[in-house]
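Notes for the structure review
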Amino acid sequence: QVQLVESGGGLVQPGGSLRLSCAASGTIFSVNTMGWYRQAPGKRRELVARIISGDTTTYADSVKGRFTISRDNAKNTVTLQMNSLKFDDTAVYYCNAEIRSRRYAGLTDYWGQGTQVTVSS
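Residues numbered from 1 in each chain as written. Predicted model: local features only at pLDDT ≥ 70, side-chain atom pairs only at ≥ 80, totals over all residues. Heavy atoms only, no water.

**As for the pattern of salt bridges**
Cut-off, in case you're wondering: Any carboxyl oxygen of Asp or Glu that lies within 4 Å of a side-chain nitrogen of Lys or Arg is treated as forming a salt bridge with it. Type-normalised accessible area, obtained with a 1.4 Å probe on protein chains alone, sets the label of each residue: buried when under 20%, exposed when over 50%, and partly exposed for intermediate values.
Summed over all chains, the structure comprises four salt bridges. Arg-38 is paired through a salt bridge with Glu-46; the nearest N and O atoms lie 2.8 Å apart. A residue is classified by how much of its surface remains accessible, and Glu-46, at 36% relative accessible area, is partly exposed.

**Things to note about unusual backbone geometry**
Put simply, the rule is: Labels follow the DSSP assignment, with helices taken as runs of H or I lasting at least four residues and strands as runs of E lasting at least two, numbered in each case from the N terminus.
At Asn-76, a residue that is not glycine, the phi angle is positive and equals roughly 55°. Here Asn-76 lies in the loop between strand E7 (67–72) and strand E8 (77–82). We note that Ser-84 has phi near 50°; this positive angle belongs to a residue other than glycine. Tracing the backbone shows Ser-84 in the loop between E8 and strand E9 (91–100).

**Topic: the side chain of Arg-38**
This is how the line gets drawn: Under the rule applied, a polar contact is a pair of N or O atoms within 3.5 Å (in protein, one hydrogen donor and one hydrogen acceptor; residues adjacent in sequence only if both atoms are side-chain atoms). Any pair of residues with heavy atoms lying within 4.5 Å of one another is described as a contacting pair.
Relative to the helices and strands, Arg-38 resides in strand E4 (residues 30–39). Of note is the side chain of Arg-38, whose polar atom sits 3.4 Å from the side chain of Ser-62. Excluding its chain neighbours within four sequence positions, the residues that come into contact with Arg-38 are Arg-44, Arg-45, Glu-46, Val-48, Ser-62, Val-63, Phe-67, Asp-88, Asp-89, Ala-91, Val-92 and Tyr-93.

**Let's talk about the sheet that holds E8**
The condition that has to hold: Only strands joined by at least two bridges in the DSSP assignment are considered to pair. Orientation is described by lines fitted to C-alpha atoms, with helices fitted over the stretch in contact, and by angles between N-to-C directions that extend from 0 to 180 degrees.
Spatially, four strands are ordered E1-E3-E8-E7 in an open sheet, and the strand pairing comes out antiparallel. Of all strands in the sheet, those bounded by a partner on one side alone are strand E1 (2–7) and E7. Looking at each pair of strands side by side, their axes are set apart by 15° on average, direction ignored. Across six bridges, the pairing between strand E3 (residues 18–26) and E8 is antiparallel. Note that in E8 the partner of Ser-21 across the bridge is Thr-79.

**Side note on the pairing of strand E11 (residues 115–119)**
Burial along E11 is one-sided: Thr-115, Val-117 and Val-119 are buried, while Gln-116 and Thr-118, pointing the other way, are not. Where strand E2 (residues 10–12) and E11 come together, three bridges link them in parallel fashion. Looking at the pairing, Val-12 lines up with Val-119 of E11. Relative to E11, E9 runs antiparallel, the two sharing three bridges. Paired with Ala-91 across the strands is Val-117, a residue of E11.

Keep in mind these values describe shape, not function.
What follows is the structure, encoded as structure tokens:
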């Protein structure tokens with residue numbers, strides 16, 4: 001079994017910063033893509049940023065230049081540094097990882113429980 005545990009959400013003023021972390025644990029042979037998604041009230045879940053095992057990154061246009069995703073392959077963790085936060089960044093943020101539990105197993109998508117980020121003055 002695999003678990004993704006997130007931390008670091010909270011309340012911040014516009015222009016402030018937050019750092020989200022996610023750690024994968026359990027039966028893990030390898031981790032492919034890791035990423036962050038978010039879902040605001042009444043909206044669909046959307047990709048924020050993702051990073052593949054070779055450190056290639058993808059960002060949503062709305063966060064480019066403000067957010068930075070990074071990972072520690074040895075610890076199976078992914079971090080999202082969020083700077084210059086805006087009201088529109090308010091959402092529940094979910095960690096996602098594509099994980100192979102055993103050498104010859106297929107990739108399985110796992111999700112964290114979500115962490116609330118609220119940008120408010």
